[in-house]
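Chain and residue survey
Below are the chains, spelled out letter by letter.
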Amino acid sequence: MKIKISIAGLFLCALVATAQTKVEKVVPTKASGDGITYSLPKTSFVVNAEITKITEKAGPYYRYAERYLGVKDVVTEDAVYYELGKITLLNKGVPDPDNMYKIEFRQKTVAPFAYLTSDGLLCAINEVYTPDEQPEEIKSEKSGSSIPPASSVYTEDLLMAGSVARQAEVAAKQIYRLRESRTDILTGDADNLPPDGEAMKIVISKLEDQEKALTKLFTGTEMRETFYYDVSIMPEDELDREVLFRFSSKLGILDDDDLGGEPVYMNLTALERAPELDPKEAEKKEKLLRGVVYNVPGRARVEIIRNNTSVLKKDVPVVQFGTQEVLAPVILEDKKEPVKVVFYPETGAIRQISK
């Protein structure tokens, strides 16, 4: 089953990874029957795509950029287009309602306690659990020309110039005068120099801003907005060219069934898979799962493909390709040296056993 998370806005925050895991300590009580209920996870993948929206606007004097400024690389028409950037993959554990278990601590167990995530995944038994550091939150970004609007540099001479060609000529002369003024200040040749270094910085900055604003009348402007798009997918088996989403340079991210964009595929190939049990074997094993049940994940290779080119390939643990085993309750009942167990909450596998 695939769950799509739509974009909530171009400038809203998006997470590449889940927020810091919330973990809480729980102890058996009479209300819980001297036991703790937990869930084992299933593997879910979160695919995150970086999208950049580029908005270009042509300047009114772009036809004269080369003649007056010697610039060839200019925006000649208004346009909006998109670029697909980095694609990342997060292996995330999701509680499996079909695999919930109860740890029953006997009275002679020494200081029994466990750590669970906020959604009931098992983190540790008889051991303090500290979540791993999560990737930093990635926020949407907006970049472009932080310069005064063009209207602020329309002088009387420029407005009175008449034709566009004449306006371009006047604007170019203003640019060269600004450059000359800046050079005179920096070399000390100006008639009225700023009184100190701080004042000089302010004057130079103002001159540069005016020059940039006038130059944009020839070269045009470009605004870049970066945001993120998540797709969650929970595989039941291997995947062959599963369409995650589609991408169009004109429209951006599209749904997987929208033929207006090129598809981005995901392959999932099992590398290590637990042998399938027949019904009798499965029933027999189910009866033996008395204790602390944990996952032994299989392994698989994930590949994400765009334009017949692999843009991401990595090997990951997958719970659905594995099996389950059990820790005997007796190991938790040593009065002198109770066993401490730490798990990977995202897979339900054992991370460490110690005393």
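These lines cover the structure that appears in this document, whether it is placed above or below. (Residues numbered from 1 in each chain as written. Predicted model: local features only at pLDDT ≥ 70, side-chain atom pairs only at ≥ 80, totals over all residues. Heavy atoms only, no water.)

1. Observations regarding the overall build of the chain
- Counting secondary structure elements, the chain contains five helices and 15 strands.
- Residues counted as buried form 41% of the 355 residues belonging to the chain.
- Long-range pairs, those at least 24 residues apart, make up 75% of the contacts in the chain between residues at least 6 apart in sequence.
- For the chain, the accessible surface area stands at approximately 20400 Å², while carbon and sulfur atoms represent 49% of it. (Helix = DSSP H or I, 4+ residues; strand = E, 2+ residues; numbered from the N terminus. Buried < 20%, exposed > 50% of the residue type's maximum accessible area, 1.4 Å probe, protein only. Contact = heavy atoms within 4.5 Å. Areas by Shrake-Rupley, 256 points an atom, 1.4 Å probe, with all protein chains shown as cover.)

2. Here's the deal with the packing of aromatic side chains
- Counted according to the given criterion, the structure contains five aromatic pairs.
- When the centroid spacing of 5.8 Å and the interplanar angle of 70 degrees are considered together, the rings of Tyr 229 and Phe 245 count as edge-to-face. Taken together, the residues Tyr 229 in strand β8 (residues 221–233) and Phe 245 in strand β9 (residues 239–248) connect sequence positions 16 residues apart. Considered together, Tyr 229 and Phe 245 belong to a single accessibility category, that of buried residues.
- If you follow Arg 241 out to its NZ or CZ, it ends over the ring of Tyr 265, 3.9 Å from the centre.
- The ring centre of Phe 321 lies 4.5 Å from the NZ or CZ of Arg 273, which sits over that ring. (Phe/Tyr/Trp six-rings, centres within 6.5 Å; stacked < 30°, edge-to-face > 60°. Lys NZ or Arg CZ within 6 Å of the ring centre and 35° of its normal.)

3. Examining the pattern of salt bridges
- The tally for this structure, following the rule as stated, stands at twelve salt bridges.
- Here Glu 262 makes a salt bridge to Arg 306, at a shortest N to O gap of 2.8 Å. Residue Glu 262 is found in strand β11 (residues 262–272), and its partner Arg 306 is found in strand β12 (residues 292–306); the two are separated by 44 residues along the sequence.
- Under the relative-accessibility criterion, Glu 262 is labelled partly exposed at 22%.
- Arg 301 is the salt-bridge partner of Asp 315, the closest N and O atoms lying 2.7 Å from each other. (Salt bridge = Lys/Arg side-chain N within 4 Å of Asp/Glu carboxyl O.)

4. Focus on helix α4 (residues 197–219)
- The end-to-end C-alpha distance of α4, which contains 23 residues, comes to 32 Å, matching closely the 33 Å that a straight helix rising 1.5 Å per residue would cover.
- Here α4 has its buried residues at Ala 199, Ile 204, Leu 207, Glu 211, Ala 213, Leu 214, Thr 215, Leu 217, Phe 218 and Thr 219.
- On its buried face, α4 sits against α1 (65–69), α3 (164–187) and β8.
- For α4, the capping residue at the N-terminal end is Asp 196, with a side-chain oxygen 3.2 Å from the backbone nitrogen of Glu 198.
- After α4 finishes, the residue Gly 220 shows a positive phi value of roughly 90 degrees. (Expected span 1.5 Å × (residues − 1). Polar contact = N/O pair within 3.5 Å; in protein donor to acceptor, adjacent residues only side chain to side chain.)

5. Focus: α3
- With 24 residues, α3 extends 35 Å from end C-alpha to end C-alpha; this agrees with the ideal 34 Å at 1.5 Å per step.
- Along α3, the residues that are buried comprise Gln 167, Ala 168, Val 170, Ala 171, Ala 172, Gln 174, Ile 175, Leu 178, Arg 182 and Ile 185.
- In the segment just after α3, Gly 188 is the residue with positive phi, at about 85 degrees.

6. Some words on the pairing of strand β6 (residues 122–125)
- For strand β5 (residues 114–117) and β6, the ladder comprises three bridges, and the chain directions are antiparallel. Each bridged residue has a counterpart across the sheet, and for Ala 114 the counterpart in β6 is Ile 125.
- Connecting the antiparallel pair β5 and β6 is a turn made up of four residues, with Gly 120 showing a positive phi of about 90 degrees.
- Pairing analysis gives two bridges linking β6 to strand β14 (residues 340–344), with the strands arranged antiparallel. Residue pairing in the sheet places Ile 125 in a bridge with Val 341 of β14. (Pairing = 2+ DSSP bridges.)

7. Considerations on the side chain of Thr 226
- For Thr 226, the location among the structural elements is in strand β8.
- Taking relative accessible area as the criterion, Thr 226 reaches 11% and is therefore assigned buried.
- Among the polar contacts listed, one links the side chain of Thr 226 to the side chain of Thr 52, at a separation of 3.4 Å.

8. Some words on unusual backbone geometry
- Residues other than glycine seldom take positive phi values, yet Asn 126 does so here, at roughly 60 degrees.
- Of note, Asn 126 is situated in the loop between β6 and β7 (141–143).
- With a relative accessible area of 6%, Asn 126 lands in the buried category.
- Its identity is not glycine, yet Asn 308 carries a phi of approximately 60 degrees, on the positive side.
- Assignment of secondary structure puts Asn 308 in the loop between β12 and β13 (309–327).
- A relative accessible area of 72% places Asn 308 in the exposed class.

9. With respect to the environment of Val 80
- Tracing the backbone shows Val 80 in strand β4 (residues 79–104).
- Here Val 80 falls in the partly exposed class, since its relative accessible area comes to 42%.
- In this structure the C-alpha to C-alpha distance between Val 80 and Leu 251, which are 171 residues apart in sequence, comes to 8.8 Å.
- Once you skip the residues sitting within four places of it in the chain, Val 80 turns out to touch Lys 53, Ile 54, Thr 55 and Lys 250.

10. A word on the nonpolar core
- Formed by 28 residues in total, the largest nonpolar core has its most connected members in Phe 45 and Phe 245.
- Of all elements in the fold, only β3 (35–57), β4, β8, β9, β11, β12 and β13 reach the threshold of two or more residues within this core.
- In this structure Phe 45 touches Leu 89, Leu 90, Asn 91, Val 231, Ser 232, Ile 233, Pro 235, Met 266, Leu 268, Val 302, Val 316 and Val 318, once residues within four positions along its chain are discounted.
- Ala 172, Leu 178, Ile 204 and Leu 214 belong to the second largest nonpolar core, which has 21 residues in total. (Core = buried A, V, L, I, M, F, W, Y, C linked by side-chain atoms within 4.5 Å.)

Coordinates in, geometry out; function isn't part of it.
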